[in-house]
Amino acid sequence: MTIGGVDATLHKGSVVYVPIMRTYGYYVDVFGMRLGSYDVYNATQPIVQGVVDSGTSALALPQIMYAQFQYILTTTLNIPRAAQLFSGSCTSTSPSLYPNLTVILDGVSVTVPSTNYLYRSGSVYCLLVVQSTQLILGDPFMRGIYVVFDRVQLRVGFASANGFPTAVTPIQSSSTSSSTTATSSLSTTSSTRSTSSLTTSSSTRLSSSLSTSSSARSSSSSSSSVSTTSLLSSSSRTSVTTTISTPTSTSTTMAPSTSSAASSSSVATSVSTRSSLSTASSSSSSSLSSTSGATTSNRISSGGSS
């Protein structure tokens, strides 16, 4: 025993520290317990707190854990005469037939050999595991371990003691794992939200763009329609006016060559203009042209006679 420090010559490897969960005693979180490859207790159940106590000569287990411990040895593994150990008797069966006990704490795994929980009394072996109202990690757990009780920083340290088979193995801390999982979850959530926001924003912008484009096209189509109608009306009026005014010019000027050229030009203009109109406008122009043509011919004939 060393008071006030750590003697590195008494252990091998680094000391792994586990936080104390209460202000009194050395209670630590226990995340699992196995006999060989069989679970006595696992982390899917509510976390159990156990006290590391050098003043207890046995490993004390709560009722459910104790019953599972017994079931594994007597039924699952069916070790000869193992049932005697739970009836207050000892057994002549060698500890080598019994599995090691592994206790998983926060950041450290401690493997306890069967010779720790079965002590020899003469030619027989007796069980140092009892049923209790709480979990007490007493002498069978601590034997072969270099334990550091640190009240200043409220923690307990574990390392493998020199000359003992008990193995202390550092593992990932459950608190670190939880923190990493929480951070990963937050990052994923934030990323999802950002992606969602970008998608919504892009959709909004696209919809707005499409709406603006459609509105613009609608306005453009309306304007084109109005312009076309106006142009058609104007062309129609021009065609009628040209057709009617041409004969007047012919009868007034009386210059044969000039008048004929003007008439031909006017008629060509009228025909060209009429061909660009819609069917309805063409029909109207045609009717007007026929009437005006007849009138014009009459007038020219009358002028010639004069």
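Residues numbered from 1 in each chain as written. Predicted model: local features only at pLDDT ≥ 70, side-chain atom pairs only at ≥ 80, totals over all residues. Heavy atoms only, no water.

Q: What exactly am I supposed to notice about the pairing of strand β6 (residues 101-105) here?
A: Taken residue by residue, a regular strand's side chains alternate between the two faces of the sheet. Burial within β6 is extensive, with 5 of its 5 residues counted as buried. Side chains Leu101, Val103 and Leu105 project from β6 onto one buried face, and the interleaved Thr102 and Ile104 project onto a second face that is buried too. Sheet topology places strand β2 (residues 27-35) next to β6; 5 bridges connect them, and they run antiparallel. Residue Val30 lies in a different strand from β6, and its bridge partner there is Leu105. In textbook terms, the turn of a hairpin is the stretch between consecutive antiparallel strands, and for β6 and strand β7 (residues 108-112) this stretch comprises 2 residues, one of which, Gly107, has a positive phi near 100 degrees. (Buried < 20%, exposed > 50% of the residue type's maximum accessible area, 1.4 Å probe, protein only. Helix = DSSP H or I, 4+ residues; strand = E, 2+ residues; numbered from the N terminus. Pairing = 2+ DSSP bridges.)

Q: Can you help me understand unusual backbone geometry in this one?
A: With the exception of glycine, the majority of residues adopt a negative phi angle, and the majority of peptide bonds are in the trans configuration. Even without glycine at this site, Asn78 takes up a positive phi of about 50 degrees. Of note, Asn78 is situated in the loop between α1 (63-76) and β6. Even without being glycine, Leu154 reaches a positive phi, approximately 50 degrees. When you line up the elements, Leu154 lands in the loop between β12 (145-150) and β13 (155-161).

Q: What am I meant to see in the sheet that holds strand β1 (residues 11-19) here?
A: The strands that make up a sheet pair up through hydrogen bonds in the backbone, lying either parallel or antiparallel. Reading across from one edge, β1-β13-β12 is the order of the 3 strands in this open sheet, with antiparallel pairing throughout. The strands lining the two open edges of the sheet, one partner per strand, are β1 and β12. Taking the axes of each pair of neighbouring strands and ignoring which way they run, one obtains an average angle of 20 degrees across the sheet. (Axes fitted to C-alpha atoms, helices over the stretch in contact; angles between N-to-C directions.)

Q: Teacher, can you tell me more about the pattern of salt bridges here?
A: Think of it this way: side chains of opposite charge can pair up when their charged atoms draw near. If you walk through the whole model with that rule in mind, you get 2 salt bridges. For Arg143, the salt bridge is made with Asp139, and the minimal N-O distance between the two is 2.6 Å. The class of Arg143 is partly exposed, set by a relative accessible area of 28%. The partner of Arg155 in a salt bridge is Asp150, and the shortest N-O contact between them spans 2.9 Å. Of the residues examined, Arg155 reaches a relative accessible area of 22% and is grouped as partly exposed. (Salt bridge = Lys/Arg side-chain N within 4 Å of Asp/Glu carboxyl O.)

Q: What's the story with the pairing of β7 in this structure? I'm lost.
A: Across the 5 residues of β7, 4 count as buried, placing the element largely inside the fold. Here β6 pairs with β7 via 5 bridges, running antiparallel. Residue pairing in the sheet places Val103 in a bridge with Val110 of β7. Where β7 meets strand β14 (residues 167-170), 4 bridges bridge the pair, whose relative direction is antiparallel. Looking at the pairing, Val110 lines up with Val168 of β14.

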